[in-house]
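A closer look at the structure
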Amino acid sequence: MRNVLGRLTGSVIAASLAFGAVAQDSASIRLQFGSEGEREVWVGSLDRPGEVSGSQVVSGVSAILPVTTRPNRAMVFVHDRSTGNVAERPLADVLKTGTWRVGIRDEKRVYRMDFVVEHDGKPVASAVVRARAGGETREALVSPSDEGKASVFNLKAGRVEVTVQYKTGEQTKSTPAQTFDAKLGLGPTAARKLVISEKVETVAPTAGSGPATESTPGSARPEGSRPETAPPPPAAAPNPLGTLLNLVVGLAVVGGVGYAIYRYVAKNPQQVQDALKQVGLGDQGQAGASDPAPVPQAPQPVKPIVLDPAGAPELSPGPLASPVAGAVAAVKNPRLVGADGSVALLLEGVATVGREAGLEVSLVGQDTVSRRHAQAERAGDSVTLTDLGSTNGTFVNGVRLTSPVVLQPGDAVQFGSVAFRFEV
């Protein structure tokens, strides 16, 4: 009886502790702001402050934020969209009272900094931008579709040292560090220009898509571009009555001249004939008796256009035979594009990503990648990415995966510290 009672008591205590843990993990906090406005709030880790997981946009002077997860060294972040400032406070401190009155003193970060990487005035095809501020490092991958543009998020305010890693030939190099200021209260600013002096692959920018930079603020043109000319003033709309009158007068003049020529030829046929002979045009209207009649050429059969002579079927001639232009269906090629321009195609089915040799996407020599790190399952044009319990994690747009995610074109994908861009 005592054993049964002891086991029952232990079960009740364990259940109470489990319920307390669940209740603690599913707490809510109240955020109070000093003014109306639109803000983005989320709970993240101080070890990875650049990650935004489970963020939500709120309006007004207060908001309730559910806390369903508590990462290591958890922090509460509040991004004021009007100023670009980010306030922060440890989650443990907020949970003590359940309320955080967000003030100006809590704003210690800048939400976003934009960069454009160029060589010889043109955007580079691929690179990795690294920004370091207050002992924290952010990375942003540049792929050909980005046209040299990269953005880093949630930086500590103050001095920011930025380098660019790039590949020239078979060598991987980095630019000297450039220093910028991440200032509070500026909101969205022009992109900072980062220049690679050595020869690297570039891309042609799309017309009108070049971002404004600190050296070309606002609506200024990129260096070396032609000045824009003002469009010509619109032509005045024609007057329908005037157009009709001009047409009638023109026809009358042409008809009168034609009639005068006809009357002259009718009255003086011999003189006209003599004049034509003098200029070598006499008797051109009459066919000579010795001239052979033209023989019409038989139409040649139309030959079909064959794209592949070895494999295309032969078209049998017939009265309805005509060339057939084979339409080539557009085929998407889901792929991962690395910072060095390397491409890993994702074929139909399951592709395993890892450090082990022989995998569909093998990252041999990358010590931050697990032997079998993640898998990408393609079904048609859709690709689902799943982490396989890797040590250093799999990230999509800076968010660590805890469940499968369907990739979208342009997503930044990272295995450990190895970065890719997903394209189709």
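Just above sits the structure.
Residues numbered from 1 in each chain as written. Predicted model: local features only at pLDDT ≥ 70, side-chain atom pairs only at ≥ 80, totals over all residues. Heavy atoms only, no water.

1. Details of a nonpolar patch on the surface
On the surface, Val343, Leu345 and Leu347 cluster together into a nonpolar patch covering about 300 Å² of accessible area. In this structure, leucine 347 sits in the loop between strand E18 (343-345) and strand E19 (349-354). (Patch = residues over 30% accessible without salt bridge, like charges linked within 9 Å, V, L, I, M, F, W, Y side chains within 5 Å. Areas by Shrake-Rupley, 256 points an atom, 1.4 Å probe, with all protein chains shown as cover. Salt bridge = Lys/Arg side-chain N within 4 Å of Asp/Glu carboxyl O. Helix = DSSP H or I, 4+ residues; strand = E, 2+ residues; numbered from the N terminus.)

2. So, the sheet that holds strand E21 (residues 374-379)
Strand order in the open sheet formed by 5 strands is E20-E19-E21-E22-E25, and the pairing between neighbours is mixed. For this open sheet the edge positions go to strand E20 (361-362) and strand E25 (405-406), each flanked by a neighbour on one side alone. As paired strands, E19 and E20 are joined by 2 bridges and run parallel to one another. Looking at E20, one finds that glycine 354 is bridged to serine 362. (Pairing = 2+ DSSP bridges.)

3. Observations regarding the nonpolar core
In terms of nonpolar packing, the biggest core is built from 23 residues, with Met113, Phe115, Val129, Val160, Val162 and Leu194 touching the most fellow members. Secondary structure elements with two or more residues in this core: strand E8 (107-119), strand E10 (127-133), strand E11 (136-142), strand E12 (149-156), strand E13 (158-168) and strand E15 (178-182). Beyond its immediate chain neighbours, meaning those up to four positions away, valine 160 contacts Met113, Ala131, Arg132, Ala133, Leu155, Gln178, Thr179, Phe180 and Ala182. In this structure, Ala344, Ala351, Val361 and Ala376 belong to the second largest nonpolar core, which totals 20 residues. (Core = buried A, V, L, I, M, F, W, Y, C linked by side-chain atoms within 4.5 Å. Buried < 20%, exposed > 50% of the residue type's maximum accessible area, 1.4 Å probe, protein only. Contact = heavy atoms within 4.5 Å.)

4. Considering the pattern of salt bridges
One pass over the structure, following the stated rule, counts 17 salt bridges. With a shortest N-O distance of 3.5 Å, glutamate 161 and arginine 159 are connected by a salt bridge. Taking the relative accessible area as the measure of exposure, arginine 159 reaches 57% and is therefore exposed. Several salt bridges converge on common partners, so that one network encompasses Glu88, Arg109, Glu136 and Arg138.

5. Focus: the packing of aromatic side chains
Tallied over the entire structure, the rule returns 5 aromatic pairs. Measuring from ring centre to ring centre gives 5.8 Å for phenylalanine 115 and phenylalanine 180, while their planes differ by 65°; the resulting arrangement is edge-to-face. A residue pair is termed long-range when its members are at least 10 positions apart, and phenylalanine 115 in strand E8 and phenylalanine 180 in strand E15 qualify at 65 residues. You can call phenylalanine 180 buried: its relative accessible area is 10%. Between the aromatic rings of phenylalanine 415 and phenylalanine 420, the centroid separation amounts to 5.9 Å while the plane-to-plane angle is 65°, which identifies the pairing as edge-to-face. A single burial state applies to phenylalanine 415 and to phenylalanine 420, both of which are buried. By the ring-pair criterion, three or more aromatic residues cluster together here, those being Trp42, Phe77, Tyr111 and Phe153. The ring of phenylalanine 33 has arginine 39 sitting right over it, with the charged end atom 4.3 Å from the ring centre. (Phe/Tyr/Trp six-rings, centres within 6.5 Å; stacked < 30°, edge-to-face > 60°. Lys NZ or Arg CZ within 6 Å of the ring centre and 35° of its normal.)

6. Section: the sheet that holds E18
The 6 strands lie next to each other as E18-E17-E27-E26-E23-E24, forming an open sheet whose pairing is antiparallel. Both outer strands of the open sheet, E18 and strand E24 (399-400), are each paired with one neighbouring strand and no more. Relative to strand E26 (residues 412-415), strand E23 (residues 394-396) runs antiparallel, the two sharing 3 bridges. Across the sheet, residue phenylalanine 395 finds its bridge partner in E26, namely glutamine 414.

7. Describing the pairing of strand E14 (residues 171-174)
Of the pairings in the sheet, the one linking E13 to E14 comprises 4 bridges and is antiparallel in character. In the sheet register, lysine 167 faces E14, and the bridge partner there is threonine 172. Hairpin remark: E13 followed by E14, antiparallel, with 2 residues in the connecting loop; positive phi at glycine 169, about 65°.

8. Some thoughts on the environment of arginine 192
Along the chain, arginine 192 falls in strand E16 (residues 192-195). With a relative accessible area of 6%, arginine 192 lands in the buried category. When the C-alpha positions of arginine 192 and phenylalanine 180 are compared, they lie 8.4 Å apart, and in sequence the two are 12 residues distant.

9. Section: the side chain of serine 390
Along the chain, serine 390 turns up in the loop between strand E22 (382-387) and E23. A distance of 3.2 Å separates the side chain of serine 390 from the side chain of histidine 373, its partner in a polar contact. A polar contact of 3.1 Å, which involves the side chain of serine 390, links it to the backbone nitrogen of glycine 393. Aside from chain neighbours lying at most four places away, what touches serine 390 is Ser370, His373 and Arg400. (Polar contact = N/O pair within 3.5 Å; in protein donor to acceptor, adjacent residues only side chain to side chain.)

10. A few points about the environment of valine 396
Within the secondary structure, valine 396 is located in strand E23. Separated by 23 residues in sequence, valine 396 and alanine 419 have C-alpha atoms that sit 9.8 Å apart. Apart from residues no more than four positions distant in its own chain, valine 396 is found in contact with Leu385, Leu401, Leu407, Asp411 and Ala412.

Limitation: the analysis is restricted to geometry and does not speak to function.
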